[in-house]
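The lines below spell out each chain.
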Amino acid sequence: MAEAHSAVAFSFSITHEGWDINYDREVLDLVWQSGVRSWKKRLARFRTGVRNGVYPAHLQSLWLVIAIAVGLHFTQRHVPFDLVNKWLSVLPGDSLQWQLTACSLAGLIVWLSICYTMRYSLKLLLMYKGWMYEKRAPGSRVSLQTRLWGLFVKVLATWNKPGLYSFQGSLPRLPLPSVQDTMQRYLRSVRPLLDDSNYNRMERLAKEFEQGISTKLQRYLFLKSWWSTNYVSDWWEEYVYLRGRGALMVNSNFYGIDAIFMHPTKVQSARAASVVNLLLQFRRTVERQELEPILVQGLVPLCSWQYERIFNTVRAPGVETDKIIHYQDSNHIVVLYRGCYYKVIIYHNGRLLRPCELQIQIEHILQQSEEKPQPGEELLASLTAGDRTKWAQIRQTVFAKGVNRTSLHTVESAAFVLSLDEKPFEFDLAHPEKLDQFGRYLLHGNGHDRWFDKSFTVCVGSNGRIGFNAEHTWADAAVMSHIWEMLIMGETEQRYDENGNTVGIPEFEPPTPKRLTWDLNDKVALVAIDEAHIAAQKLLNDVDLRILVHDAYGKGLMKTCRLSPDAFIQMALQLAYYRDAGKFSLTYEASMTRLFREGRTETVRPCTIESAAWVKAMLDSNVSTVDRVRLLNEACERHQLGYQDAMCGKGIDRHLFCLYVVSKYLEIDSPFLQEVLSEPWRLSTSQTPHGQTAKMDLKKHPNCISAGGGFGPVADDGYGVSYIVAGEDLIFFHISSKRSCGTTSSERFAQEICRALADMKHLFEEYRSLQKKNPSNGTNSDKPQAK
């Protein structure tokens, strides 16, 4: 009962002596401060909304235009289209007051016309994607068309400092490719994977589809592409993520690792407090739209839509489909420690708590080692790791009312979840298994110490190293990577004293963390939690994760080869996979489509005719070094073209996916689409981006590069490979597979990647040696010797 009373701000009763009112002034003060903060945020959103609505024009320019209108009117000169006199004709008088009103209205119309002319001019300019295909190698010349385009974009987009969402109204829609173009690209992409008979069969199916039902499906998709902001993103989120009934842990959620070459403090509470403070500062910049949007080459904006749901967001389970719930505000985080949940207030006395004040709260939690989890509480988070339908059914019954509902709402509405792990997160180049274990801790933990439904969970090891586990539905990995960069660079400031504690002196005693209570004694709840825990243990024990630190060379050597680092690595993965599996496989590489409004990702297919020819040449001793280099150049150029097409809305897989969704709505069966959508991605890859913020200065802070992150395998008999080109001489690979599969091994594949990269380095060394001996010997001097 004491817990129930403490949750009530005031109560009253009627007695024979009259009214008896009791209230908790501290709780009412918290309610008042929360309301004031909420209204301040609403006003700020309104103000920034108006500013973004007229961007790239400046809001203050309105007063200049009105002043010009007033000047023209009172000097007997006409405002364009005689707007002042037209307004005076409908206003009730022509006194000085009404004349000024007419001038203001006329100025407003002229100003809005200028604003929208600038906005749609910028939108038309951003539709141009020719700059993507311009060569950037040393000595290459940019076309006159692109230079003029860049000049106009710079004039319109950079004269007024943009906010985070300023470009949203100027970004173009994702274009819809023609079915014919998609069919041609698709057939070309599967040619190296199929023998002649299967390719001819697929070619026949594609032709039947193109000449048959595709016309009707494309017509509906064309309407959607004009009616909606983005014809892919809502369906992609709904059908690929939210309707998935499998476990989020390993299968969907991904992780990110600390900057492993820097270890600012070994004090767990201090590191946790600093990270929480930096994340909340980042949240404030997002809410105030003070975060600068990312500009490709400092010129072309990327869509910032995904940033809206970074904080205060949860994926709530449903019986048939989940839903994303985003809370407009949250004044707390939830800390998970030794199976217990704590609510930590992050605002007090009208401001955000400082790191030294947050450390007091976290140390208070760490000192509660004697507290034991309530029945069912320790394994509670296993429900978020398991089957979505089962979790939804339990949520609708056990968590529908009482303290369970209150505590669940506290967790789900938190800014994010902080997990204080009892194990250290370690890294040692001499013991690579420690970094592997580091990654496993972040990917799945022990199956019940991460709230997998939350947008992200920050994990802090007992030795002060950090990482995160993120849910994938609300945004793509590039957004979390951006946050992580900002956080790591924030840690370069003086945030710790000589003892490893946070600097600063608390101005007051921060609010004491409140232990969340649960009522899980119900047999149904305990059975469900136990089943989810068993399923989670089976899933995580099947993960085979290997984090490869490749320090033989990095992008420095790749640049000397005049090849894109991403294309170079993808070719190495193709060679490694062919040696490992003895065949080529459908390969997935994620690319972004954020050059368009509400864009997310598109698939690049690195396994091409050209890459297959190069791989075979590398395994054929009869092929010369010159021909191998030539074939590698051709394969990398084809890969770059595929990547550019994907970024420019000319991809294959999202178009086919949307056509498939339309066919299901119309209840039309398509053998071609069914076969295409059922093809397994046995090699799923992704490059972790970095350098998304200008604050990331690796020359000044070379140890600030993160080790990147990773994800689980997409196919049961395949690999998931994430990589980050961390520097001139360093690449991290995160390789995952399943132990239950007899044909895959993450350790073996890591060795094949090292072997492939070593062979590629040796190839170019041989090629340069040949060039020195015979300068006329080039990639086009000899005819190919490969069969």
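If you're wondering where the values come from, they're calculated on a predicted model, not measured in any experiment. (Residues numbered from 1 in each chain as written. Predicted model: local features only at pLDDT ≥ 70, side-chain atom pairs only at ≥ 80, totals over all residues. Heavy atoms only, no water.)

1. Digging into the packing of helix α8 (residues 196–211) against helix α9 (residues 214–227)
Contact pair α8 / α9: the axes reach a minimum separation of 6 Å and the direction vectors enclose 60 degrees. As the angle between them shows, α8 and α9 are arranged oblique. Contact residues: F209, E210 and Q211 in α8; S214, T215 and L217 in α9. (Axes fitted to C-alpha atoms, helices over the stretch in contact; angles between N-to-C directions. Helix = DSSP H or I, 4+ residues; strand = E, 2+ residues; numbered from the N terminus. Parallel < 35°, antiparallel > 145°, perpendicular 65-115°, else oblique. Contact = heavy atoms within 4.5 Å.)

2. A few points about the confidence of the model for the chain
Of the residues in the chain, 91% reach a pLDDT of 70 or more, and the chain-wide mean stands at 89. When the criterion is pLDDT under 50, residues 1–10 qualifies, and its contacts beyond four places in sequence or with other chains add up to 11 contacts. Between residues 779–787, whose pLDDT stays under 50, and residues either more than four places distant or in other chains, the model counts 19 contacts. (pLDDT = per-residue confidence, 0-100.)

3. Describing the nonpolar core
Core analysis: the biggest nonpolar cluster contains 120 residues, and Y307, F416, L418 and F672 have the highest contact counts within it. Looking at this core element by element, the count peaks at nine residues for helix α11 (residues 268–287). When neighbours within four sequence positions are excluded, Y307 is seen to be in contact with L164, Y165, F282, V286, L291, I294, V479, H482 and R594. Of all hydrophobic cores here, the second largest spans 46 residues; its members include A572, A617, A635 and A756. (Core = buried A, V, L, I, M, F, W, Y, C linked by side-chain atoms within 4.5 Å. Buried < 20%, exposed > 50% of the residue type's maximum accessible area, 1.4 Å probe, protein only.)

4. Description of the pattern of salt bridges
A full pass over the atoms with the stated rule returns 42 salt bridges. Residue E422 pairs with R338 through a salt bridge whose shortest N-O separation is 2.9 Å. Placement of the pair is E422 in the loop between β12 (417–420) and α16 (432–443) and R338 in the loop between β8 (332–337) and β9 (340–345), with a sequence separation of 84 residues. If you follow the salt bridges from partner to partner, you end up with R245, R315, D322, R388, D453 and E471 in one network. (Salt bridge = Lys/Arg side-chain N within 4 Å of Asp/Glu carboxyl O.)

5. Structural notes on helix α23 (residues 653–665)
Taking 1.5 Å of rise per residue, the 13 residues of α23 would be expected to cover 18 Å, and the 19 Å separating its terminal C-alpha atoms lies within 8% of that figure. Counted residue by residue, α23 has 10 buried out of 13 residues, so it is predominantly covered. Turning to α23, its buried residues number three or more, namely D653, R654, H655, L656, F657, C658, L659, V661, V662 and S663. (Expected span 1.5 Å × (residues − 1).)

6. Regarding the packing of aromatic side chains
Within a pair of aromatic rings, the relevant descriptors are the distance that separates the centres and the angle that separates the planes. Considering all chains together, one arrives at 31 aromatic pairs under this definition. Considering the side-chain rings of Y239 and Y665, the 6.4 Å spacing of their centres and the 75 degrees angle between planes classify their relative orientation as edge-to-face. Note that Y239 is positioned in helix α10 (residues 233–242) and Y665 in helix α23, a separation of 426 residues in sequence. With relative accessibility at 26%, the residue Y239 sits in the partly exposed group. Take Y665: its relative accessible area is 52%, and that puts it in the exposed class. With 6.3 Å between their ring centres and 90 degrees between their planes, Y553 and F568 make a pair best called edge-to-face. With Y553 in the loop between β16 (543–550) and α19 (555–560) and F568 in helix α20 (residues 565–581), this pair connects stretches of sequence that are 15 residues apart. There is no split in this pair, since Y553 and F568 are both buried. (Phe/Tyr/Trp six-rings, centres within 6.5 Å; stacked < 30°, edge-to-face > 60°.)

7. Side note on unusual backbone geometry
A positive phi angle is found at Q289, which is not glycine, with a value near 60 degrees. One can find Q289 in the loop between α11 and β4 (295–296). Taking the relative accessible area as the measure of exposure, Q289 reaches 10% and is therefore buried.

8. As for the packing of helix α7 (residues 179–190) against α8
Running from N to C, α7 and α8 cross one another at 170 degrees; their axes reach a closest spacing of 11 Å. On the basis of the axis angle, α7 is roughly antiparallel to α8. Residues V179, Q180, M183, Y186 and L187 of α7 form the contact with α8, whose participating residues are Y199, M202, E203, A206, F209 and E210. Of the residues that constitute the contact of α7 with α8, the class distribution is eight nonpolar, one polar and two charged. (Nonpolar A, V, L, I, M, F, W, Y, C, P; charged D, E, K, R; others polar.)

9. Quick look at α11
Taking 1.5 Å per residue as the helical rise, α11 with its 20 residues ought to reach 28 Å, and the 28 Å between its terminal C-alpha atoms agrees with that figure. Judged by how many residues are buried, α11 sits mostly within the fold: 16 of 20 residues are covered. One or two positions beyond α11, positive phi appears at Q289, with a value near 60 degrees.

10. So, the UniProt feature "domain: Choline/carnitine acyltransferase" (unreviewed entry) in the chain
Here the UniProt-annotated "domain: Choline/carnitine acyltransferase" (unreviewed entry) positions come out as residues 174–754. Regarding residues 174–754, the helix share stands at 41% and the strand share at 16%, and the terminal C-alpha atoms are separated by 38 Å. (UniProt positions renumbered as here; feature names shortened; annotations may be inferred.)

11. Some remarks on the side chain of R600
Mapped onto the elements of the fold, R600 is located in the loop between β17 (587–592) and β18 (601–604). A distance of 3.1 Å separates a polar atom in the side chain of R600 from the backbone oxygen of H472. A polar atom in the side chain of R600 sits 3.0 Å from the side chain of D476. (Polar contact = N/O pair within 3.5 Å; in protein donor to acceptor, adjacent residues only side chain to side chain.)

12. So, the sheet that holds β9
The strand order across the open sheet built from eight strands is β15-β9-β8-β12-β13-β14-β3-β20, with neighbouring strands paired in mixed fashion. In this open sheet, the two strands that pair with only one neighbour each are β15 (514–515) and β20 (709–711). Inspection of the sheet shows strand β3 (residues 254–257) paired to strand β14 (residues 466–470) by four bridges, in the antiparallel sense. Looking at β14, one finds that Y255 is bridged to N469. (Pairing = 2+ DSSP bridges.)

13. A word on the sheet that holds strand β21 (residues 719–727)
Taken together, the six strands give an open sheet; going across it, the order is β16-β22-β21-β19-β17-β18, and neighbouring strands pair in mixed fashion. What marks the edges here is a single partner per strand, and that holds for β16 and β18. For this sheet, the mean angle separating the axes of adjacent strands, direction not counted, is 20 degrees. Where β16 lies against strand β22 (residues 730–738), eight bridges are found, and the strand directions are antiparallel. The residue bridging R546 from the neighbouring strand is I735, located in β22. Along the sheet face, α23 touches β17 and β18 and points at about 115 degrees away from the line of β18.

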